[in-house]
Amino acid sequence: MRAAFAALVSVAAASCGDNQHQAIAADAAPPPACTTSLSGTVTAPNGILPIAGATVYVASNAPGPLPTAPSCQFACTPPNAVAATTTGADGTFRLDGITASPNLPVVIQAGRWRRQLVVPVLACGDTALAADDTRLPGSSTDATALTAMSATGAPLVDLPTIAAETGDDDVVECILVELGVAASEFGNGSGSGHVQLYWNPEAFAGAKAPSFAGGASYGDVTGLWNRYAALSQFDVVMLGDDIDAAGSSKPPSAISAIGQYASSGGQLVLTGNSQTIWIRNNAAWASELTFDPQVDADATNAAMFAVDDTTNPDGTIYADWLFDAGASPAPGTIYVDGASYQCVGYDAATVARWLYVTASVDNGEESSNELVSFSTPVGAACGEVVYSDFEVAWGDGNEAATVSPFPGNCAAPSAMTPQVKAMAYLLFGGGRSCP
Amino acid sequence: MCACGDGSNAKPIDGQPVDSGTDATRAAGWSLVTAIPSPVAITISPNTFETPYTIYVGTAGSGIFASADGTTWTNPGSAGPTAVVALSPMPQRPVAFASLPDGTAALTSDGGAEWSTTGSPPPAPIVSWISVAGIGPLGAATTIDGSAEVLQAKQQGATWVASTPFGTGSATSIALGGDTPQAAYATVSGIGGGVFVSTDIGSASFGFATTDFPQTDALSVATAFTARMTIYVGTATHAVYVSTDAGSTWMAAGSGLPAAAVDALAVDPTNAMNVFAGTSAGVYASKDGGATWQLSGLGSDAVTALQFLNGSPSTLYAIATTGLYINVAGGD
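Since the model is a prediction, treat every value here as computed from it, not as a measurement.

**Student:** Can you walk me through unusual backbone geometry in this structure?
**Tutor:** One can expect most non-glycine residues to show negative phi and most peptide bonds to be in trans. In this model, Phe406(A) is joined to Pro407(A) through a cis peptide bond whose omega is 5°. Relative to the elements of secondary structure, Pro407(A) occurs in the loop between β23 (383-388) and α8 (418-427). Of note, the bond from Ser45(B) into Pro46(B) is cis; its omega dihedral lies within 30 degrees of zero at 0°. Along the chain, Pro46(B) turns up in the loop between β3 (39-45) and β4 (54-59). One non-glycine residue with positive phi stands out, namely Gln156(B), at about 55°. If you trace the backbone, Gln156(B) turns up in the loop between β13 (148-154) and β14 (159-162). A positive phi angle is found at Ala246(B), which is not glycine, with a value near 60°. Tracing the chain through its elements places Ala246(B) in the loop between β21 (240-243) and β22 (251-252). Here Ala246(B) falls in the buried class, since 23 other C-beta atoms lie within 10 Å of it.

**Student:** Explain α8(A) to me, please; I cannot follow it from the model alone.
**Tutor:** Counting along an α-helix, one turn takes 3.6 residues, and residues three or four places apart therefore face a common direction. Residue and element names in this part refer to chain A. Across the 10 residues of α8, 10 count as buried, placing the element largely inside the fold. Taken as a whole, α8 has its buried residues at Pro418, Gln419, Val420, Lys421, Ala422, Met423, Ala424, Tyr425, Leu426 and Leu427. Glycine 429 occupies a position one or two residues after α8 and carries a positive phi of about 90°.

**Student:** Would you mind going over the sheet that holds strand β4 (residues 55-59) of chain A with me for this structure?
**Tutor:** Whenever strands of a sheet pair, they do so through backbone hydrogen bonds, lying parallel or antiparallel. Residue and element names in this part refer to chain A. Pairing within the open sheet is antiparallel, and its five strands lie in the order β5-β4-β7-β8-β10. Among the strands making up the open sheet, the edge pair consists of β5 (81-86) and β10 (157-158). Across five bridges, the pairing between β4 and β5 is antiparallel. When the sheet's bridge partners are listed, valine 58 is paired in β5 with alanine 83.

**Student:** Help me understand the pairing of β13(B), please; the structure alone is not making it clear to me.
**Tutor:** Remark: a regular strand shows side chains that alternate across the two faces of the sheet. Residues and elements named next belong to chain B. Of all seven residues making up β13, six are buried, and the element is well covered by its neighbours. The pairing of strand β12 (residues 136-142) with β13 spans five bridges and is antiparallel. Note on β13: the bridge partner recorded for glycine 139 is leucine 151. Linking β12 to β13, which pair antiparallel, is a turn of five residues; within it glycine 146 sits at a positive phi near 85°. Pairing of β13 with β14, which is carried by four bridges, proceeds in the antiparallel orientation. Within the sheet, the bridge partner assigned to glutamine 152 lies in β14 and is valine 161. The hairpin formed by β13 and β14 contains four residues between the paired strands, and glutamine 155 there has a positive phi angle of roughly 45°.

**Student:** How should the nonpolar core be read in this particular structure?
**Tutor:** A general feature of soluble globular proteins is that nonpolar side chains tend to end up buried together. Within the largest apolar cluster, 235 residues are counted, with the highest numbers of intra-cluster contacts made by Ala186(B) and Leu265(B). A per-element tally of this core places α8(A) first, with seven residues. Setting aside anything within four residues of it in sequence, one finds Leu265(B) in contact with Ser220(B), Val221(B), Ala222(B), Tyr232(B), Gly234(B), Val275(B), Phe276(B), Ala277(B) and Leu306(B).

**Student:** Quick question: what am I supposed to make of the environment of Val307(A) here?
**Tutor:** Residue and element names in this part refer to chain A. Along the chain, valine 307 turns up in strand β18 (residues 303-307). C-alpha of valine 307 to C-alpha of serine 328: the two residues are 21 residues apart in sequence and 9.9 Å apart in space. Filtering out sequence-adjacent residues up to four positions away, valine 307 remains in contact with Gly315, Tyr318, Ala319, Leu322, Gly332, Trp354 and Leu355.

**Student:** Could you clarify how one ought to interpret the sheet that holds strand β23 (residues 262-267) of chain B in this entry?
**Tutor:** All names here are of chain B. Within the open sheet, the four strands sit side by side as β23-β24-β25-β26. Their pairing is antiparallel. Whereas interior strands pair on both sides, the edge strands pair on one side only; in this sheet they are β23 and β26 (294-297). Sheet twist, expressed as the mean angle between neighbouring strand axes with direction ignored, is 30°. Strand direction decides the pairing type here: strand β24 (residues 275-279) and strand β25 (residues 282-286), joined by five bridges, are antiparallel. Within the sheet, the bridge partner assigned to threonine 279 lies in β25 and is glycine 282.

**Student:** So what exactly am I meant to see when it comes to the environment of Thr55(A) here?
**Tutor:** Position of Thr55(A) among the secondary structure elements: in strand β4. C-alpha of Thr55(A) to C-alpha of Trp394(A): the two residues are 339 residues apart in sequence and 31 Å apart in space.

Each value, and the rule that gives it
- Residues numbered from 1 in each chain as written.
- Chains lettered and ligands numbered in written order.
- Predicted model: local features only at pLDDT ≥ 70, side-chain atom pairs only at ≥ 80, totals over all residues.
- Helix = DSSP H or I, 4+ residues; strand = E, 2+ residues; numbered from the N terminus.
- Buried ≥ 20, exposed ≤ 12 C-beta atoms within 10 Å, placed from the backbone.
- Pairing = 2+ DSSP bridges.
- Core = buried A, V, L, I, M, F, W, Y, C linked by C-beta atoms within 7 Å.
- Contact = placed C-beta atoms within 7 Å.
- Axes fitted to C-alpha atoms, helices over the stretch in contact; angles between N-to-C directions.

Take a look at the structure:
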């Protein structure tokens, strides 16, 4: 760097009054061309999982609040970006074309996770951001050394609002714990945190309600999915496999409310075959996925799934990301526990298939589509439905909050399983289109 | 320090620049902001080029004026300090600091409607500030023993961390610079004066070392963030010096500057070759890294502070004997 700046001015030997120092010549050369850049690795709030496809940009002015959920507006390159880039499969980025500044406003965003920074960026070189500063926030108070703050000292960070219905074996709330969302953000349907937890009393008839360590029970999910007004408080609604495959707790009014929610911009995440009813009974969605409920679930054996990197345009980066995230034994493959094999067909024109499995006589797997998503309204870039044919948070240290109160029932972030990582990609906006 | 009521005594003032100057020595590009009497200090918060921002101008006895657009100004009256020595934004946060003639400091977090004293006063009166992302505001001060020190405000001034003393004389200014985000330059005027550098301002025990600056009357320092090895220093009687190697060697500026004290310097945030000097005989500009200088304007005034609008090379404020001036043509 010193050599580069040596040409900034030309120096002429001269007698300069009383100090005999060199004087600057009038034919001073202009500054040399150089590249100023910013780099780092964006991770989930847990600081472990790299985030692919996150947007990193320099803002010309304050980016303003994110839309109130649900909304078709998504994490596209914002109009106030002076320079922007996206993270690669390993979460790394390098933002070129920026101007050196002692206080450069930088925004990191993945879906509706966002952190605003003020960064001192040196000229003619690369400024590497510390890992803590490029972590997506795990709470509304998650400040780092360079995080911008409001006048009152609140860090300028955003998290999506999430409703999570715990499943039978599929303890989906533990996905969020493993991703690094702080315990302070969880509530039972009436709190102010970003994540509200629910259970389905009808599906767990006679069972003790799952509860928090403080004793409060999870909220009743039927009060959530029966009302669009309740659903619309959330960016993401996760419904875990809750046993109620017959759908007695999911009347037509709920089917309608859920459909309206996703079509208005919400992200609906369904795990396990008991939640296929939201798709099967919705006339607008029923043709997207084909289910065969006669196929037996095989929840006891780990199965080798393949990444669809041929029909899914984002499949290649997804495969690379799974491998970089330590979820794949070999690129394009992943072992998954707790799978059923009921999603036997999909509309390739509108559905993105992420993971699939082909029949294996030896291991008992059936050919099926194990992780899929489609935009809502179908074919439009607004909301999204994600369906996994496996129980995402099954086993591996996670257990029901009826057995051990939340969050003690969840495994540590370091214990993230490959299938949790596989779903996390979509929770951070992976593969989602801009409107 | 202040009554700090509900801010209802804030007075909107029409500060539309109206006077381009009748004095022949004033260039047409400079306009007087008539609302500000006897200004002494200026800063802009937040110190990024984000909007909205607030421009703060402190005066010698009429309080601190604030404006979100450079046109309409408000003054909190009794909810703010009367006189100011220096102002600073807070890094990463729309909060502004003011150091006051009695040695205390105040801050505002509501755009200047109210000011309150910091949790504890700085150990010594601060005469110049910098705002450093990830570190905090730092102020240059003179100890009771006649040395300079730099004070880092913690928890918005609840506590202060002082550098080891350096130089002999009065602290005059401070600026970020050098080849790391942890580097800063401070100037001292006096028998042991000069330019001093620190490369660890973020550490718990930071210090400043001499740069072997050839003069002892350093009054002002400015650095070019687009070429951070470049440092400009203004002096009381030796005009301007330039270093292009982070202070290892110094060169006297070229022709065109008057024999006048250089109390203020500002570098174009987008071009390190464009530098402005606030002197006791107006604003001078150089477009060749200090090799040659021309009068920009306000030649009948002593100019004691220069401030570019955040990130903008086109809007430059000057605090002069006759008031606050604005130039929206980059000083031309």
